[in-house]
Amino acid sequence: MESKTDDGSVATGELSAIEDEEVLNKMLDNAKDFEERKILRAALRDLLKKKRDKREQDRESRQQDLRQQGLSKGGTTGGAVSIGRASMNQQPPTNKTSGQASPSAGSKTSPTLASAQKCPSPAAAPNIKNVKQMLLDWCRAKTEPYEGVNIRNFSSSWKDGIAFCALVHRFFPDAFEYYTLNPTKPKENFELAFSTAERLAGCPPLLDPDDLIRMKEPDWKCVYTYIQEFYRCLVEKGLVKTKK
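Keep in mind that what you see is a predicted model, and the values were worked out from it rather than measured. (Residues numbered from 1 in each chain as written. Predicted model: local features only at pLDDT ≥ 70, side-chain atom pairs only at ≥ 80, totals over all residues. Heavy atoms only, no water.)

Draft legend 1. Structural context of the packing of helix H7 (residues 162-171) against helix H8 (residues 186-201). Following both chains from N to C, one finds H7 and H8 inclined at 30 degrees, their axes separated by 8 Å at the closest point. By the angle class used here, H7 and H8 are roughly parallel. Judged by the sense of rotation from one axis to the other, the crossing of H7 with H8 is left-handed. Mapping the contact onto sequence places Ile162, Phe164, Cys165 and Val168 in H7 and Asn189, Phe190, Leu192, Ala193, Phe194, Thr196 and Ala197 in H8. For the contact of H7 with H8, a count of residues per class yields nine nonpolar, two polar and no charged. (Axes fitted to C-alpha atoms, helices over the stretch in contact; angles between N-to-C directions. Helix = DSSP H or I, 4+ residues; strand = E, 2+ residues; numbered from the N terminus. Parallel < 35°, antiparallel > 145°, perpendicular 65-115°, else oblique. Left-handed = near helix turned anticlockwise from the far one by under 90°. Contact = heavy atoms within 4.5 Å. Nonpolar A, V, L, I, M, F, W, Y, C, P; charged D, E, K, R; others polar.)

Structure, rendered in C-alpha cells:
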C-alpha cells in the first residue's frame, strides 16, 4: 500500500521496504506530481539494483562451489566453467567489411528479412513526426529505471535487444529476470522479448531475430512499427491508459 507524508508526498522510507517492482510500477503509473514520480523512479532503480546485486552474489557463490568441486575432481569441472564463461562472452562473428554479423554457411535470406527491408514508410501520416517523438518519449520514460538502456532513436538504441527486453519487462516484471540478460547475446534477447510480448500481450512477432542480427543497425521503420503494435496491444489489455 502506498504511504504518504502529511503534505501528500510519497514517504521515501516506506518505499525502500517495497520489494515488488510491480507495485512500484503501478505507483509510478498513477503518480501525477513530478517530485513524486522522481522519488518513485529512484526507488525502482534501487530495487532493481538490489535484486541484481543479490543475483550476482548468488552466482559468485555457485561458481565458487563449482570451482571447489572441480579441484576435488582434478579440475575437470573448473575447466568446464571457464570454457562456459568464455563462450558467454563471445560475440557473433562479424563481417570485417560491413561490420554486420555473418550468417552461417549456406543460410538463406528469410522472407522476414525481405519484408523487413521493405517495411512500409510511415511518412504518409500527416503527424508522423509528432507521433514518432511521442512514442520515443514513452519508450524512454518506461525504460528509464533500467541499467544498460539509453533510447535515443528507433534504430541503434535497440540493436542488442536489451531495450526490447526492458520495455517488455516493465509491463511483465515476473516474465523473466532482467539482470540475467547479456548484451553480447542479441539474438537471445530478441527472442525473449518478442516471445514474451506475444505470449503475454498478444503482440505478433513482426521482427525476426536472425534478420536483426545480420543488420548493422535495425531499420527504424520496422522497430517503430513493432513498438506501435506493442503499444496498441497494451492499450487493448488495459495496461496503458490513453486520453479519450
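Next comes the rest of the write-up.
Draft legend 2. Summary view of the packing of aromatic side chains. For the coordinates displayed, the defined rule picks out 14 aromatic pairs. With 5.8 Å between their ring centres and 80 degrees between their planes, Phe164 and Tyr226 make a pair best called edge-to-face. Taken together, the residues span a long stretch of sequence, with Phe164 in helix H7 and Tyr226 in helix H10 (residues 220-236) at a distance of 62 residues. Comparing Phe164 with Tyr226 shows no difference in burial state: the two are buried. (Phe/Tyr/Trp six-rings, centres within 6.5 Å; stacked < 30°, edge-to-face > 60°. Buried < 20%, exposed > 50% of the residue type's maximum accessible area, 1.4 Å probe, protein only.)

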